Amino acid sequence: MITMGLLPAGEQLNFQDSQRHAEHIRRQGIKQFINIYNRNKDRIDRCFKWGDEMEYTIVRFDHNSNKVRLSLRSEELLNIMYEREEREGENRRVLWRQESGSFQIEATPGQPYGYNSDLNDKNSMNNLFNNVENQMRERRLDIRGLLHEDEAILCLTNYPRMGCADTTVPNTKPDPLNSMSGSIFLSDDHISHLNQKYFIIEKYFNERIGHKVAINAPIFKDTKTPDPFIEFFDHKEAMRAAKVDHIYMDSKIFGNGCSCLQVTMQATDVNEAFILYDQLAPLTPIMMALGASTPIFRGYLSDRDGRWDVIVDSLDDRTPEERGEKPLKHNKYRIQRPRYSAIGAYLCESNQSYNDSPIVYNKDYYNELIGSGVPPPLAQHIAYLFIRDPILISSEKLDQNPETESDHFEAIQATNWQSLRFKPPPLNQPAIGWRVEFRPMEIQMTDAENAAFAVVTILLSRIILKYKLNFVIPITKIDENMSTAQKRDSVNRCKFWFRKDIFTRNTPLFVNGFNDNHVIYDVEEESYIEMSINEIMNGYEQEFPGLIPLMKDYVNSIALDAQTYGKVQQYVQLIADRASAKLPTPAQWIRDFVRKHNTYKYDSVVNEKITYDLLNTLNRIQNECLNVNELIKNN
Ligand code: ADP
Ligand code: MG
Ligand code: MG
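Going by what an unreviewed UniProt entry lists, the chain is known as Glutamate--cysteine ligase and is assigned to Medioppia subpectinata. Under the Sequence similarities (unreviewed entry) heading, UniProt states for the chain: "Belongs to the glutamate--cysteine ligase type 3 family." For the record of the chain, the UniProt heading Pathway (unreviewed entry) holds the text "Sulfur metabolism; glutathione biosynthesis; glutathione from L-cysteine and L-glutamate: step 1/2."

This is the structure we're talking about:
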């Protein structure tokens with residue numbers, strides 16, 4: 001779930017040393033960004049490209065004793081895959097990447113979709129969509145030969161019994177006194193060992209805040225769940241941090257170890273990237289709710305369906321001063337958001353009045369960025385990212401040439417995990433332009449569903465541009481929606497703030513003092529209302545057109561061959577059916593599976609046998625040995 005590119009060569013600095021160099025790194029990082037901005041500010045990329053990232057959980061079945069455990073083999077698999085990548089170069093069809101858990105592995109397509117489309121090629125639209133699902137299937141085949149007998153890679157947001165006893169192969173035990181994580185549930189072997197990267201992050205977090213992270217997810221109160229629900233731990237810190245009626249977790253891996261689906265898309269130019277970033281932001285909670293798939297934590301059913309806040313809490317490195325719990329003495333800022341969080345501000349000049357959430361940023365960096373020609377909202381965004389400390393610092397790379405290197409910028413950028421990431425063109429890859437990454441979605445259970453969510457994200461971006469749609473609402477309303485989106489069955493039970501009139505980007509309200517290029521909207525209370533996801537997606541009466549009909553219009557307006565057209569229609573329909581409750585979300589399906597299991601005792605406990613049967617069923621579905629109609633087709 002958190003990826004940071006490859007680790008720079010050389011010895012990694014420890015926490016104390018990295019603190020001494022933090023300011024230096026940031027100053028150089030700002031200069032590196034200014035160089036990237038100025039080189040690319042007029043850049044135009046007419047060819048549209050996009051790509052997905054999917055994270056998988058590696059498990060091992062023990063069919064004799066009806067158990068399934070996490071298989072801690074990512075390092076072994078990655079070393080082989082890296083070798084193949086080196087050998088095969090551009091011909092490699094699947095790229096495998098490291099993730100935080102030693103039981104996780106990420107895959108992306110060898111080349112982004114649309115990479116070989118010529119602008120004038122009439123097939124270019126097909127190339128964007130016709131290979132997505134096949135490419136996802138190909139990944140499973142690509143790695144299958146490396147898996148042990150009874151081992152599988154699963155699309156699964158989180159392993160349901162993570163942190164319970166006897167849940168890893170090889171067997172590992174927590175060691176709260178001597179381990180780096182200090183967890184009473186998880187051993188350090190859960191953390192990806194490869195190149196020590198995630199160990200350094202683990203250490204950094206604990207040293208910075210002086211204690212382990214504390215994560216509490218609400219318990220689902222079933223008919224026989226103890227009320228109140230209180231767990232007893234033989235551990236002082238745990239007893240203090242664990243909340244009543246919550247499932248307590250104490251290691252970043254509970255958050256980091258969640259798998260998600262991300263989509264990166266290229267913009268024609270920097271301004272289009274601003275528009276995509278802003279307009280996709282209000283859609284982040286909606287797509288998250290539609291794909292909710294995380295109803296279980298640490299062997300208990302939760303009253304949430306989503307992973308997001310567990311990751312937010314697991315990656316919160318703010319000190320009590322920064323959180324506002326103590327007066328500022330050692331730290332510089334009060335910081336509203338953890339490093340992993342929903343976006344804090346829009347990037348278009350015209351949307352600045354909707355930035356109603358306080359934003360802290362470094363004024364010196366901001367001034368330097370502005371002085372170098374960076375537009376103020378982008379300057380503020382970068383100066384906000386740069387209030388954080390660098391985590392991964394190599395002793396050999398402290399001094400860098402801002403004209404030719406960008407590691408310090410990337411180090412800060414890549415350790416700010418927002419719901420959307422604004423990605424500037426990488427300095428060393430001239431073929432790649434300005435991009436926006438859509439990061440809120442949970443991994444779905446089948447390739448068809450993952451392809452549907454990825455393709456629909458792209459279709460949403462296309463209708464935003466084509467119909468000049470305006471989804472902007474105040475940032476604090478998106479924050480509210482992010483919480484709502486994780487509630488149990490939120491997709492069918494909850495209402496979300498959404499913009500009432502989405503065709504207003506053409507006819508903005510002018511505010512005195514802004515010139516024509518810097519149009520600003522007034523925040524009118526009446527511009528947004530609460531709607532159900534069904535209303536948002538499928539529309540209602542004459543009041544709201546619905547995003548599904550707009551996507552269908554768009555799909556009809558582009559040239560697609562019959563097969564691709566059929567597939568894309570199916571994807572759009574799948575999302576429409578999720579919105580209207582004709583199809584379940586993975587979270588609903590999993591919760592239902594647990595509650596119907598003959599060993600479930602209505603006490604919220606997800607036991608070993610249920611976990612085995614659930615994952616075994618998922619594995620059969622994912623390998624297409626089991627009919628999946630109830631998940632993807634509404635009959
Ligand atoms: P990160 O982990 O930093 O988000 P990755 O390299 O893992 O980035 O994934 C980036 C995604 O972007 C991949 O799906 C890749 O195919 C896609 N991609 C690569 N080049 C482009 C491009 N020019 N435009 C859009 N997407 C791209
Ligand atoms: Mg990645
Ligand atoms: Mg990513």
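We are not done yet, so read on.
*Asks:* Sorry if this is basic, but what is going on with the overall build of the chain here?
*Replies:* Broken down by element type, the chain carries 23 helices and 17 strands. The C-alpha radius of gyration of the chain comes to 24 Å, within 12% of the 26 Å expected for a compact globule of 635 residues. Expressed along its principal axes, the backbone C-alpha trace of the chain runs to roughly 70 × 60 × 55 Å. Within the chain, the proportion of its 635 residues that are buried is 61%. For the chain, long-range pairs separated by at least 24 residues make up 76% of all intrachain contacts whose partners lie at least 6 apart in sequence. Total accessible area on the chain stands at roughly 24,800 Å², and carbon and sulfur atoms take up 47% of it. Side chains of the chain carry 75 positive and 88 negative charges; the gap between the two charge centres is 2 Å.

*Asks:* Mind showing me how you'd approach the pattern of salt bridges here?
*Replies:* When the charged atoms of two side chains lie near each other, side chains of opposite charge can form a pair. A full pass over the atoms with the stated rule returns 47 salt bridges. Among the salt bridges present, the one from Arg-39 reaches Glu-403, with a minimum N-O distance of 3.9 Å. Taken as a pair, Arg-39 in helix 1 (residues 15-40) and Glu-403 in the loop between helix 13 (376-385) and helix 14 (407-413) lie far apart in primary sequence, 364 residues in all. A relative accessible area of 46% means that Arg-39 is categorised as partly exposed. Judged by its relative accessible area of 45%, Glu-403 falls in the partly exposed class. The shortest N-O distance in the salt bridge between Glu-437 and Arg-439 comes to 3.3 Å. Taken individually, Glu-437 and Arg-439 each receive the classification buried, so the pair is uniform in this respect. Taken together, the shared-partner salt bridges connect Glu-23, Arg-26, Arg-27, Arg-208, Glu-322, Asp-364 and Asp-389 into one network.

*Asks:* Is there a simple way to think about the coordination of the magnesium ion (ligand 2) in this case?
*Replies:* Tetrahedral metal sites with four donors have an ideal angle of 109.5 degrees; octahedral sites with six donors have ideal angles of 90 or 180 degrees. The coordination sphere of the magnesium ion (ligand 2), as far as protein atoms go, consists of Glu-53 (OE) and Glu-106 (OE), spread over 2.1 to 2.5 Å. Between the two metals, the magnesium ion (ligand 2) and the magnesium ion (ligand 3), the spacing is 3.8 Å, and Glu-53 donates to both. Here the residue Glu-53 occupies a position in strand 1 (residues 50-62), and Glu-106 occupies one in strand 4 (residues 104-109), the gap between them amounting to 53 residues.

*Asks:* Sorry, what's going on with the packing of aromatic side chains here?
*Replies:* Counting across every chain of the model gives 24 aromatic pairs. With a centroid separation of 6.2 Å and an interplanar angle of 65 degrees, the aromatic rings of Tyr-37 and Trp-434 are classed as edge-to-face. Placement of Tyr-37 in helix 1 and of Trp-434 in the loop between strand 14 (420-423) and strand 15 (435-438) is noted, with a sequence separation of 397 residues between them. Here Trp-434 falls in the buried class, since its relative accessible area comes to 0%. With 5.5 Å between their ring centres and 80 degrees between their planes, Trp-497 and Tyr-528 make a pair best called edge-to-face.

The rules behind each value
- Residues numbered from 1 in each chain as written.
- Chains lettered and ligands numbered in written order.
- Predicted model: local features only at pLDDT ≥ 70, side-chain atom pairs only at ≥ 80, totals over all residues.
- Heavy atoms only, no water.
- UniProt positions renumbered as here; feature names shortened; annotations may be inferred.
- Helix = DSSP H or I, 4+ residues; strand = E, 2+ residues; numbered from the N terminus.
- Rg over C-alpha atoms; globule rule 2.2 N^0.38 Å.
- Buried < 20%, exposed > 50% of the residue type's maximum accessible area, 1.4 Å probe, protein only.
- Contact = heavy atoms within 4.5 Å.
- Areas by Shrake-Rupley, 256 points an atom, 1.4 Å probe, with all protein chains shown as cover.
- Lys, Arg positive; Asp, Glu negative; His and termini not counted.
- Charge placed at Lys NZ, Arg CZ, Asp CG, Glu CD.
- Salt bridge = Lys/Arg side-chain N within 4 Å of Asp/Glu carboxyl O.
- Donors = N, O, S within 2.8 Å, 3.2 Å for Na, K, Ca; no water.
- Phe/Tyr/Trp six-rings, centres within 6.5 Å; stacked < 30°, edge-to-face > 60°.

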